[in-house]
Amino acid sequence: MQYLSHLNPEQQRAVQHTGKPLLILAGAGSGKTRVITTKVAWLIRERGTDPRSILAVTFTNKAAREMAERARLIDERAGDAMIRTFHSFGAWFLRRNGNLAGLDSGFVIYDDDDVVSLLGVIMDDSPKAEVRETAYKISRAKDLFLSPGDPELVLVEPGKKFRNIYTLYEERLAKTGNVDFGDLIKKPVEIMRGHPETASRFRGRFRVIMVDEYQDANVAQFELLKELYSPENYLCVVGDDDQSIYRFRGAEVRNILEFPERFPGTEIIKLERNYRSTEQILRTASSVVDHNAGRLGKTLRAERGGGKLPVLAFLPDQDEEAAYCAILIANSVKAGAGKRASWQEDASKGSLKDASKEANPAAWSDWAVLYRTNAQSLSFETEFLRRGIPYRVVGSLKFYEREEIKDLLALLSFLANPRDEVAFRRMVNKPARGVGPVTVERIVEAGAFSAEAAADLAMSGDLSARAKAGLETFFSMIENARSLLVDGTAAEKTGKKRQAVKRTGLKAGEGLSALVVTLAEDSGIAAYHEEHDEIAGNQRVFNLQELANAASLYKPSAEGLLEFLEHIELDRSMEDNSKNSGDAVTLITFHNTKGLEFPRVIMTGLEQGVFPRDDKTGADLEEERRLFYVGATRAMDELYLTSCAVRRMFGRTMPSEPSLFLWEVDRKGLRIIGAAPCGFAGSTGGGYSGRYGRSAVSGGTGGISGGMGANRAGAGKPSSDGRWRTGDRVFHDDHGYGAVIAVREEEDGPVISVHFDTGAETRFLSRYQSRQYTKIGGDS
DNA sequence: TAGTTTTAAGTTTTT
DNA sequence: CTTAAAACTA
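Residues numbered from 1 in each chain as written. Chains lettered and ligands numbered in written order. Predicted model: local features only at pLDDT ≥ 70, side-chain atom pairs only at ≥ 80, totals over all residues. Heavy atoms only, no water.

1. Some thoughts on the overall build of chain A
Within chain A one finds 32 helices and 24 strands. Of all 780 residues assigned to chain A, the portion counted as buried reaches 55%. Pairs at least 24 apart in sequence give 74% of the contacts found in chain A among residues at least 6 apart. Surface summary for chain A: the accessible area is close to 33,400 Å², and the carbon and sulfur share equals 50%. (Helix = DSSP H or I, 4+ residues; strand = E, 2+ residues; numbered from the N terminus. Buried < 20%, exposed > 50% of the residue type's maximum accessible area, 1.4 Å probe, protein only. Contact = heavy atoms within 4.5 Å. Areas by Shrake-Rupley, 256 points an atom, 1.4 Å probe, with all protein chains shown as cover.)

In structure tokens, the structure reads:
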């Protein structure tokens, strides 16, 4: 049992525990993943547990993959254990047993947007905002394991109207044969409750059940566990109430608080030794979350001790914030590479001291920049791009939110499930085929989702000739693609009805990709998007190609198609793509960092209204504090916090106050730089702008080209270094490179005239518009 | 009615 | 500044 020797006594106890239910309260960085993975292996090796009888559930695909991989490293046989997310397990269950709830195994999973579309049909005279609100409430209801008939539904929304709409929605959803996210948990529970023999079959199959991040489980997930559990089985959950950050999604902290009562005989093991962060970092993190009431109470100890003081930087605006991060990161990497430049001497007086003294070379990937909302990533992306700093944005779902991708996925969904009303509505008349709303309504009402049924309807009803022709085109295209799934040969049936479609040059590869390409071309959707994409070149067609490429990993069969669609619905992270490799800075939301760790972390946007948001009070505010805690405890060696004096929102610049958390945090444990607002002890006053600004401007080679800090720093007062002079070279986001041809003093300050290499000429007030105008080259 | 232009509105966090 | 809804034109 060599592998156990790496564990501390509590961890060993947790690994070797059997029998009664076990609740492991694992603080941040206390090695809980190691405990779970070791436990899986230990059960197999030492207790002779059949790997196939082990079920381990997590909340993210990434965590599931990591857990499986690490368990396999200890014991190969762990590869046979079922390690999945809750939702993926639910989908797996429903594919096999959904028929017990009237569900065909060919169902597709509707995402939130699809739900809104379907609900929009039911609430056709309501504004879209209200539809969204209702969709959210239905989702919460399912998280709470509440059906339309449930009296407790008033917890979600007291009105009778909501109950009616929920009822209609469920009926309509059942008609499509598809499920939403909530169903993936709720329906399996209902099936097991209604079919005891099925339930006992699953209880017999999974003798060991483990749950990671249990603090994020919702009520429905708790019910699912209860169904899977029996006293003959072993149940072990791991969680940390201080890291519960998904309340808005239905997570129920009480699940973990009340676990011992719900599962009698529960033993509790606490893991309170933090191996990840320095003591300084841990103190910063704890000092904020300490303001929360109602915690289980752990005392997390830093095994590593000491460490550098975390840095709190007050910056003028978000562009400075991005520049600050960029310079901080670039300096640490350059310092590590041994290329200590003279300009770092200046920097070393300020915040960059620690980094440039660093003995260990820093890699780009040592760094993570954290923000509250995805929208905030933009500043960092542009700044890093400009400076040549490699970065990776984690968790951005943008690809799957693109119109062209949704279009193609809708076609594929309709192919997989001909009753998919949402997909049909989206695509039947796109590109335009003369099938208007009236026709669509008639088809949907009759459920005539096939060429034959539509023809029948045309015979008896009064569809216009135009609509009839359009429907024929659409259905023959679908049928043709479907025949590819069955026997691999396109039918080309009744060729006269097929329109000649402009080809866009999409290339078919292996597996399912041929079908995806055929569908994109034949439906005319590829040509449609090529035409509507004049501005961005052929990016949209390129995206369609990307989707087709992704499909090449799947078999060109009905099963392969379902697998492909399910994978896309449940895991949109695109982590497994080639982008994952390579040395790069991580840009990530606070939420997405859970379970991750980085040597150096920058927590940005610590302003009231951004983090926490202004509308957060009570329990919601406590959740924001936990989010702060999660972010800070990701850091191993160095932690930085940034806060801006003004922030651009909706294109307008608004003054902002420091985050509440900056008043709560243990300030003595921070090194504060920049212009701190009144009341912050230890402020260095305006010391930030000069030192930092100079270093920004003068390092102009290779990756770090140009800086604009000096021009903007201080309240509209350019530092001596940042003064514009005739002949200065300039870079502008829109106009490119140019030179200053004149500087004139006006009463509002200097007016700079610039002649660009493109021939364009502009003038600007240096104190207002210096952001767009970046000085390049030396400034002395 | 299809497609474009104008105007208004609005940004959490994610399986 | 970006996106969605409403108004407008061919």
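Let's pick the thread back up.
2. Quick word on the nonpolar core
By size, the foremost hydrophobic cluster in this structure holds 53 residues, and its most contacted members are Leu-411, Leu-412, Phe-424, Leu-471, Phe-474 and Leu-547. Residues contacting Phe-424, with those up to four places away along its chain left out, are Phe-414, Val-440, Ile-443, Val-444, Phe-449, Leu-471, Phe-474 and Phe-475. (Core = buried A, V, L, I, M, F, W, Y, C linked by side-chain atoms within 4.5 Å.)

3. What to know about the sheet that holds strand S11 (residues 311-315)
Two strands in a sheet stick together by hydrogen bonds in their backbones, pointing the same way (parallel) or opposite ways (antiparallel). Pairing is parallel in the open sheet, where seven strands are placed in the order S13-S14-S12-S15-S16-S11-S19. In this open sheet, the two edge strands, each paired with only one partner strand, are strand S13 (391-393) and strand S19 (671-674). Direction aside, the axes of adjacent strands within the sheet are offset by 20° on average. Contacting strand S12 (367-371), S13 and strand S14 (585-589), helix H17 (residues 377-387) runs over the sheet at an angle of about 165° to S14. (Pairing = 2+ DSSP bridges. Axes fitted to C-alpha atoms, helices over the stretch in contact; angles between N-to-C directions.)

4. Side note on the confidence of the model for chain A
The predicted structure's coordinates, where accompanied by low pLDDT, should not be read in detail. Looking at chain A as a whole, its pLDDT mean stands at 83, while 82% of the residues score no less than 70. Helix H8 (residues 183-194) holds the highest mean pLDDT among the elements of chain A, 97, whereas helix H31 (residues 709-712) holds the lowest, 32. Segment residues 338-358: pLDDT under 50, and 38 contacts once partners within four positions in sequence are set aside and those in other chains are kept. (pLDDT = per-residue confidence, 0-100.)

5. Remarks on the environment of Tyr-229
The residue Tyr-229 is located in the loop between helix H10 (219-228) and strand S7 (234-239) in this model. On a C-alpha basis, the gap between Tyr-229 and Ser-377 in space is 43 Å, while along the polypeptide they are 148 residues apart. Beyond its immediate stretch of four places on either side in the chain, Tyr-229 contacts Pro-21, Arg-203, Ile-209, Leu-235 and Phe-263.

6. Side note on the environment of Asp-317
Note that Asp-317 resides in the loop between S11 and helix H14 (318-336). Residue classification places Asp-317 among the buried positions, given a relative accessible area of 17%. A polar side-chain atom of Asp-317 sits 2.9 Å from the main-chain amide nitrogen of Asp-319. (Polar contact = N/O pair within 3.5 Å; in protein donor to acceptor, adjacent residues only side chain to side chain.)

7. Section: the packing of helix H4 (residues 86-97) against helix H27 (residues 558-570)
It is the contact of H4 with H27, at a shortest axis distance of 11 Å, that shows an interaxial angle of 150°. Here H4 lies roughly antiparallel to H27, going by the angle between them. H4 and H27 meet at a crossing whose hand is right-handed. Residues His-87, Ser-88, Ala-91 and Arg-95 of H4 form the contact with H27, whose own contacting residues are Leu-562, Glu-566 and Leu-570. Of the residues assigned to the contact of H4 with H27, the class counts are three nonpolar, two polar and two charged. (Parallel < 35°, antiparallel > 145°, perpendicular 65-115°, else oblique. Left-handed = near helix turned anticlockwise from the far one by under 90°. Nonpolar A, V, L, I, M, F, W, Y, C, P; charged D, E, K, R; others polar.)

8. Structural notes on the packing of aromatic side chains
By the definition in use, this model includes 30 aromatic pairs. Seen in terms of ring centroids, Tyr-246 and Phe-248 are 5.7 Å apart; in terms of plane orientation they differ by 50°. Their pairing is tilted. Residue class for Tyr-246 comes out buried when judged on its relative accessible area of 13%. Judged by centre distance (5.3 Å) and plane angle (80°), the ring pair of Phe-611 and Phe-661 falls under edge-to-face. One end of the pair, Phe-611, is in the loop between strand S15 (598-603) and helix H28 (618-632); the other, Phe-661, is in helix H29 (residues 660-664), and 50 residues separate them in sequence. An aromatic cluster of at least three residues, connected via ring pairs, comprises Phe-89, Trp-92, Phe-93, Phe-202 and Phe-206. Positioned over the ring face of Phe-107 is Arg-95, at 3.9 Å from the centre of the ring. Geometry around Tyr-246 places Arg-249 over its ring, the cationic atom sitting 4.2 Å from the centre. (Phe/Tyr/Trp six-rings, centres within 6.5 Å; stacked < 30°, edge-to-face > 60°. Lys NZ or Arg CZ within 6 Å of the ring centre and 35° of its normal.)

9. What to know about the sheet that holds S7
Strand order in the open sheet formed by six strands is S3-S2-S6-S7-S1-S8, with parallel pairing between adjacent strands. The open sheet terminates on both sides in strands that have one partner only, identified here as strand S3 (82-85) and strand S8 (267-271). Adjacent strand axes in the sheet meet at a mean angle of 15° when their direction is disregarded. Against the sheet, helix H3 (residues 61-74) engages strand S2 (54-58) and S3, with an angle of about 165° to S3.

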